[in-house]
Amino acid sequence: MDDVKNIVTAIKKGDIKPIYFLTGEEPYFIDKISDYIEDHVLPEEEKGFNQMVLYGRDVSVDDIIGNAKRFPMMAERQVIIVKEAQDLSRSIEQLLPYAENPQPTTVLVINYKYKKLDKRKKLHKAIAKTGVIYENKRLYENQVVDWIQKEMHTRGYQMAPKAAQMLLEFLGNQLDKIDNELKKLQLIAPKGTSITPELIEENIGISKDFNIFELRKAIGTKDNLKAHRIINYFSQNEKDHPMVMTVGMLFSFFVQLQQYHALKDQSEANVARALKVNRFFVKDYATAARNYNMKKVSSIISYLREADVKSKGVGAANVPQADLLKELLVKIIN
C-alpha cells in the first residue's frame, strides 16, 4: 500500500518514468496505479492523439514496442497502457531491447496481473534500472480489515471493526469487490458518518447477526442456542451460505486456535501478528481457547475434515445440509 502511495506521489511531483511494470496477485493496487497514470499524466486535450490503451490478448510485444517508439504529437510525452499483459507471458521477455533503451517521451504501463517477472532474468533487471517495477501479494485477513478501515478514514468515514470484518467474510479478500461496496456506502452515508454493522446490513444485505463471524464467536463462547439459530439460518439460505464455505471458515478458525494454544507469548500484539488477525478480535481467540483445550481443538479439526468430505457428497449423498451442520455443531460444542 505504501509502495502505491510512493509511486503516485512521485508522479505528482513530475518524476515520471518511461516504464511502469505492475505485477502481482492483487489486481486492485495495479489498477490504482494504472488508472492514476491514465487519468493524470496527460491533460485532457492531449489524450486523443497521445494516449493509447492496448490489451494483451489483442497485440504482440512487437506491437507494443512499435507504438512505444512513436513520438508524441504536439506534446511532451505519450502514454501507452497495456492491460491484461499477462496474456503475453510466453513472449514478454521480447520486451528486453526496449526496456534497455526506452523512448524517453513515452510512458509505457504494463499491467501484468496474477503473475510476476523472474528477478533472475535480464528483463526484470533492465526495467528496474530504467523504470519502475511494482510487485504485490494478496493481503492477509488482518491486513484487509485494516485496509478497509484506513481506506474509509481517508474518504472521511469511520469504520467499526465488526463492520469491516462483515465485508471481508462476505466478499473475501478481493479488494476490487470490497471497494465497490464501499463506494455504495459513500453514496448512502454522508461524510463523517460511522459505518456500522447495522448500516451494512440495511444497505448491502449482509446480516449482522447471522454470518460466519457471529457463528465462530458463538461457538467460541459455547453459546449453543445462538450457534444453532445461525446454523438454521444458513440451512434456509444455502445459496448464500454453502456448507463447504462454512466448514472452511470454521476450519481456519480452529487451526488458528491451535496456533494460539502453541504460542508462548499470548499478548494481544503477538497473537494478532502470529495468527494474522486484527487485534480487535484477539479477545475472541482468548475466550475460545479457555473453552476448547488443545486436545479438543485437534478433535474438532478432525470433525471438520470429516464434515468437509460429507458436504461434497462422500458418504452422505442424501443427507441435507441442515442435518450435517447440526451434527457438526453438536460434536464441536459438546
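Note that the structure is a prediction, hence the values are computed from the model and not measured. (Residues numbered from 1 in each chain as written. Predicted model: local features only at pLDDT ≥ 70, side-chain atom pairs only at ≥ 80, totals over all residues. Heavy atoms only, no water.)

1. A few points about the nonpolar core
Met159 and Ile200 are the most contacted members of the largest nonpolar core, which totals 44 residues. Not counting chain neighbours up to four residues away, the residues in contact with Met159 comprise Ile148, Gln149, Met152, Ala164, Leu167, Leu182, Ile195 and Ile200. (Core = buried A, V, L, I, M, F, W, Y, C linked by side-chain atoms within 4.5 Å. Buried < 20%, exposed > 50% of the residue type's maximum accessible area, 1.4 Å probe, protein only. Contact = heavy atoms within 4.5 Å.)

2. Examining the UniProt feature "domain: DNA polymerase III delta subunit-like C-terminal" (unreviewed entry) in the chain
UniProt's feature table lists "domain: DNA polymerase III delta subunit-like C-terminal" (unreviewed entry) at residues 211–313, given in the numbering used throughout. The distance from the first to the last C-alpha atom of residues 211–313 is 24 Å, and the span holds 76% helix and 0% strand. (UniProt positions renumbered as here; feature names shortened; annotations may be inferred. Helix = DSSP H or I, 4+ residues; strand = E, 2+ residues; numbered from the N terminus.)

3. Thoughts on the UniProt feature "domain: DNA polymerase III delta N-terminal" (unreviewed entry) in the chain
The UniProt feature table records "domain: DNA polymerase III delta N-terminal" (unreviewed entry) at residues 20–134. Across residues 20–134, the secondary structure splits into 37% helix and 23% strand, with the terminal C-alpha atoms separated by 8 Å.

4. Structural notes on empty space enclosed by the protein
All chains considered together, the criterion is met by three cavities of 30 Å³ or more. A volume near 110 Å³ is recorded for the largest cavity. Residue assignment for the lining of the largest cavity shows that the elements contributing at least two residues are helix H7 (141–154), helix H11 (212–220) and helix H15 (282–291). Tallied by class, residues from the lining of the largest cavity come to six nonpolar, three polar and four charged. (1 Å grid on protein atoms, 1.4 Å probe; cavity = no way out; pocket = protein on both sides within 12 Å on 5 of 7 lines; lining within 4 Å. Points joined across faces, edges and corners; volume = space filled by probe spheres on them. Nonpolar A, V, L, I, M, F, W, Y, C, P; charged D, E, K, R; others polar.)

5. Looking at the pairing of strand E2 (residues 51–55)
As paired strands, E2 and strand E3 (residues 78–83) are joined by five bridges and run parallel to one another. Residue Tyr55 lies in a different strand from E3, and its bridge partner there is Lys83. Viewed along the sheet, the connection from E2 through helix H4 (residues 61–68) into E3 turns out right-handed. (Pairing = 2+ DSSP bridges. Right-handed = clockwise from strand over helix to strand, strands pointing away.)

6. A word on the environment of Thr130
For Thr130, the position within the fold is in helix H6 (residues 122–130). Given a relative accessible area of 22%, Thr130 falls into the partly exposed group. Once residues within four sequence positions are removed from consideration, Thr130 is found in contact with Pro18, Ile19, Ala99, Glu100 and Pro102.

7. Some remarks on the sheet that holds E2
Sheet architecture is open: five strands sit in the order E2-E3-E4-E1-E5, paired in parallel fashion. If you trace the sheet from one side to the other, it starts and ends with E2 and strand E5 (132–136), each paired once. Along the sheet, successive strands turn relative to each other by an average axial angle of 10°, direction set aside. Sheet analysis places strand E1 (residues 19–24) next to E5, joined by five bridges and oriented parallel. Paired with Thr23 across the bridge in E5 is Glu135. Where helix H2 (residues 27–40) meets the sheet, it contacts E1, E2, E3, strand E4 (106–113) and E5, and its direction lies at approximately 160° from that of E4. Across the sheet, H4 is in contact with E2, E3 and E4; its angle to E3 comes to roughly 165°. (Axes fitted to C-alpha atoms, helices over the stretch in contact; angles between N-to-C directions.)

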